Amino acid sequence: KFSVITSTFVYCLKLINEIVENDLYFGISARLIIRTIMDCYVNIKHLIMMENENKKVWDEFIEYGLGKYKLINLKARTNNNEQFTHVTFPVIEAFVNDEKDEEFLNIELGNFKKSDMRAKFEKVGEKELYDFIYDYDVQFSHGHWGAIRESATTICSNPLHENHFLADTDFVTKC
């Protein structure tokens, strides 16, 4: 429990540091980072609530995450495709086999404990956080049209083109 909470906190600090160091604040990347921080926050609150019913939930959370890494590693191994530069497969394999041999590590598809993020936010009393920040930031991480319209288009300067927008190929729009 202590390791999960403190490591998650440090992960969030590192994310905030990336916003600050790179002066991202209102950029697309910052929105993705804020969404990730909210995921971490709600996951920890949810795990604390679940602990009352399941004392092993912290270990299960760790195993779930390592199972996700196992799946990535197995796909790469199966397809002989370890060329992606930002994925370090030997590191993933080491983490997967860290606490137990990978043959004994389960792979779960979907979200941890089949949970839905909106339901998690509601359960831990953070519905407004979901409604007004998280749901907005999700638009950017999934590439939905509203986020694209806000961050990658600009209004045409020709007054005859009423409400006409263009792709922001000059990177003028700052969101």
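Residues numbered from 1 in each chain as written. Predicted model: local features only at pLDDT ≥ 70, side-chain atom pairs only at ≥ 80, totals over all residues. Heavy atoms only, no water.

Enquirer: Would you mind going over the pattern of salt bridges with me for this structure?
Expert: Pairing between side chains of opposite charge can happen when their charged atoms approach one another. Under the defined criterion, the tally for this structure stands at ten salt bridges. Across the salt bridge formed by Arg31 and Glu150, the nearest N and O atoms sit 3.3 Å from each other. Residue Arg31 is found in helix H2 (residues 28–51), and its partner Glu150 is found in helix H7 (residues 145–152); the two are separated by 119 residues along the sequence. Beyond isolated ion pairs, a larger network of salt bridges with shared partners links Arg77, Glu93 and Glu102. (Salt bridge = Lys/Arg side-chain N within 4 Å of Asp/Glu carboxyl O. Helix = DSSP H or I, 4+ residues; strand = E, 2+ residues; numbered from the N terminus.)

Enquirer: Is there a simple way to explain a nonpolar patch on the surface in this structure?
Expert: A surface patch of nonpolar side chains, amounting to about 710 Å² of accessible area, comprises Phe9, Val10, Leu13, Ile16, Val20, Tyr25 and Phe26. Relative accessible area serves as the criterion here: at 63%, Phe26 is assigned to the exposed category. (Patch = residues over 30% accessible without salt bridge, like charges linked within 9 Å, V, L, I, M, F, W, Y side chains within 5 Å. Areas by Shrake-Rupley, 256 points an atom, 1.4 Å probe, with all protein chains shown as cover. Buried < 20%, exposed > 50% of the residue type's maximum accessible area, 1.4 Å probe, protein only.)

Enquirer: Quick question: what am I supposed to make of the state of the cysteines here?
Expert: Defined simply, a disulfide is a covalent bond joining two cysteines at their sulfur atoms. Counted according to the given criterion, the structure contains zero disulfides. With no disulfide partner, Cys12 has as its closest neighbouring cysteine sulfur the one in Cys40, 3.9 Å distant. Classification of Cys12 as buried rests on a relative accessible area of 12%. Residue classification places Cys40 among the buried residues on the basis of a relative accessible area of 12%. (Disulfide = S-S within 2.5 Å.)

Enquirer: Where do I start with the packing of aromatic side chains in this structure?
Expert: Within a pair of aromatic rings, the relevant descriptors are the distance that separates the centres and the angle that separates the planes. Scanning the model with the defined rule gives seven aromatic pairs in all. Ring centres 6.5 Å apart and planes at 35° place the aromatic pair Tyr69 and Phe95 in the tilted group. Note that Tyr69 is positioned in helix H3 (residues 57–78) and Phe95 in helix H4 (residues 89–96), a separation of 26 residues in sequence. Judged by its relative accessible area of 35%, Tyr69 falls in the partly exposed class. Residue classification places Phe95 among the partly exposed residues on the basis of a relative accessible area of 42%. Among the aromatic residues, those joined into a ring-pair cluster are Phe61, Tyr64 and Phe112. (Phe/Tyr/Trp six-rings, centres within 6.5 Å; stacked < 30°, edge-to-face > 60°.)

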